[in-house]
Amino acid sequence: MRARQARRVLRVDALLDIGLGAFLLLAAWDGLYRTVGLPAPEPAIFAELGGVLLFGFAYLLWVAPDYAVLARRVAEAAALSNGLAAALIALWLASRPSEVQILGWVVMGGLTAAFAVLAWLEARIATL
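Note that the structure is predicted; figures quoted are calculated from it, not measured.

About the thresholds
- Residues take numbers from 1 onward in each chain, read along the sequence in its written order.
- Per-residue local features of the predicted model are confined to residues with pLDDT of at least 70, and side-chain atom pairs are confined, for both listing and counting, to 80 or more; whole-chain, interface and lining totals are unaffected and use all residues.
- For the side-chain quantities, the full set of heavy atoms in the structure was used; hydrogens and water were omitted.
- Secondary structure elements follow DSSP: runs of H or I no shorter than four residues count as helices, runs of E no shorter than two count as strands, and numbering proceeds from the N terminus.
- Classification of residues uses two cut-offs on accessible area relative to the type maximum, computed with a 1.4 Å probe and protein chains only: under 20% is buried, over 50% is exposed, and between them is partly exposed.
- Between two residues, a contact is recorded if the distance between any of their heavy atoms is within 4.5 Å.
- What sets the accessible areas is the Shrake-Rupley method with a 1.4 Å probe; for residues, cover comes only from the shown protein chains.
- Counted charges follow a simple rule, with Lys and Arg positive, Asp and Glu negative, and His plus the chain ends left uncounted.
- Where a charge sits is defined by one atom per residue type, namely NZ (Lys), CZ (Arg), CG (Asp) or CD (Glu).
- Within this document, salt bridges are pairs made up of a side-chain nitrogen of Lys or Arg and a carboxyl oxygen of Asp or Glu, the two lying within 4 Å of each other.
- Axes here mean lines fitted to C-alpha atoms, for a helix over just the part in contact, with angles spanning 0 to 180 degrees between N-to-C directions.
- Left-handed describes a crossing in which the near helix is turned anticlockwise from the far one by less than a right angle; the clockwise case is right-handed.
- Only Asp, Glu, Lys and Arg are considered charged, only Ala, Val, Leu, Ile, Met, Phe, Trp, Tyr, Cys and Pro nonpolar, and every remaining residue, Gly among them, polar.
- Residues forming no salt bridge and having over 30% relative accessible area are the ones grouped into patches, like charges within 9 Å of each other and nonpolar side chains (Val, Leu, Ile, Met, Phe, Trp, Tyr) within 5 Å.

Topic: the overall build of the protein
When its secondary structure is counted, the protein shows five helices and zero strands. Secondary structure elements of the protein occur, N-terminal to C-terminal, as α-α-α-α-α. Along the three orthogonal principal directions, the C-alpha set of the protein runs to about 45 × 25 × 20 Å. Split into buried and exposed, the 128 residues of the protein put 39% on the buried side. If you take every contact in the protein between residues at least 6 apart in sequence, the share linking residues at least 24 apart comes to 68%. When the accessible surface of the protein is split by element, carbon and sulfur atoms take 71% of a total near 7500 Å². Computing the positive centroid from 10 side-chain charges and the negative centroid from 9, the protein places the two 15 Å apart.

Comments concerning the side chain of Asp17
Structurally, Asp17 can be placed in helix α1 (residues 3-25). There is no salt bridge for the buried Asp17, and the closest opposite charge comes from Arg11, which lies 12 Å off by N-O distance. Those residues within four positions of Asp17 in sequence are excluded, and the remaining contacts are Leu54, Phe57, Ala58, Leu61 and Phe115.

Some details on the packing of α1 against helix α5 (residues 102-126)
Running from N to C, α1 and α5 cross one another at 145°; their axes reach a closest spacing of 10 Å. Like other packed secondary-structure pairs, α1 and α5 cross with a definite hand, here left-handed. Between α1 and α5, the residues in contact are Ala6, Val9, Leu10, Val12, Asp13, Leu16, Asp17 and Leu20 and Leu111, Ala114, Phe115, Leu118, Leu121, Glu122 and Ile125, respectively. Considering only residue class, the contact of α1 with α5 consists of twelve nonpolar, no polar and three charged.

Focus on a nonpolar patch on the surface
A cluster of nonpolar side chains, namely Leu15, Ile18, Leu25, Val52, Phe55 and Trp62, defines an oily patch on the protein surface of about 510 Å² accessible area. The set of elements that each furnish at least two residues to the nonpolar patch consists of α1 and α3 (44-63). A residue is classified by how much of its surface remains accessible, and Val52, at 48% relative accessible area, is partly exposed.

With respect to the environment of Ala47
Turning to its location among the elements, Ala47 is positioned in helix α3. Expressed as a C-alpha distance, the spacing of Ala47 and Leu111, which sit 64 residues apart in the sequence, is 16 Å. With residues up to four places along the chain from it excluded, the contact list for Ala47 reads Leu24, Ala27 and Pro41.

Nothing here speaks to function; it is geometry throughout.
If you want it as structure tokens, here you go:
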């Protein structure tokens, strides 16, 4: 994988983390979660803290391609965290939670696939 492709992958992951972080920061807004077909987190503060952490990680993903050593290490961490996130969501969906509506299944399935693909791509970046 070339440097330009690695930059693109890390920046796409950064944008995904920003979007997911913003969604988690809105955890206290139950209407949003109902609209998406997912259960609202209880207590919301833990989801909000996760959102804040995702913003910090998104920043690292965004700036990492500008520093060769940092890019490799951040890609390793991102591959690990995205792979674990994909596995965790897949296991949660496999438990067939009753409070998840059809749109929630689609959203979480898409998120699982995105995390899995990004984990694979970032693992390739980490081996450069």
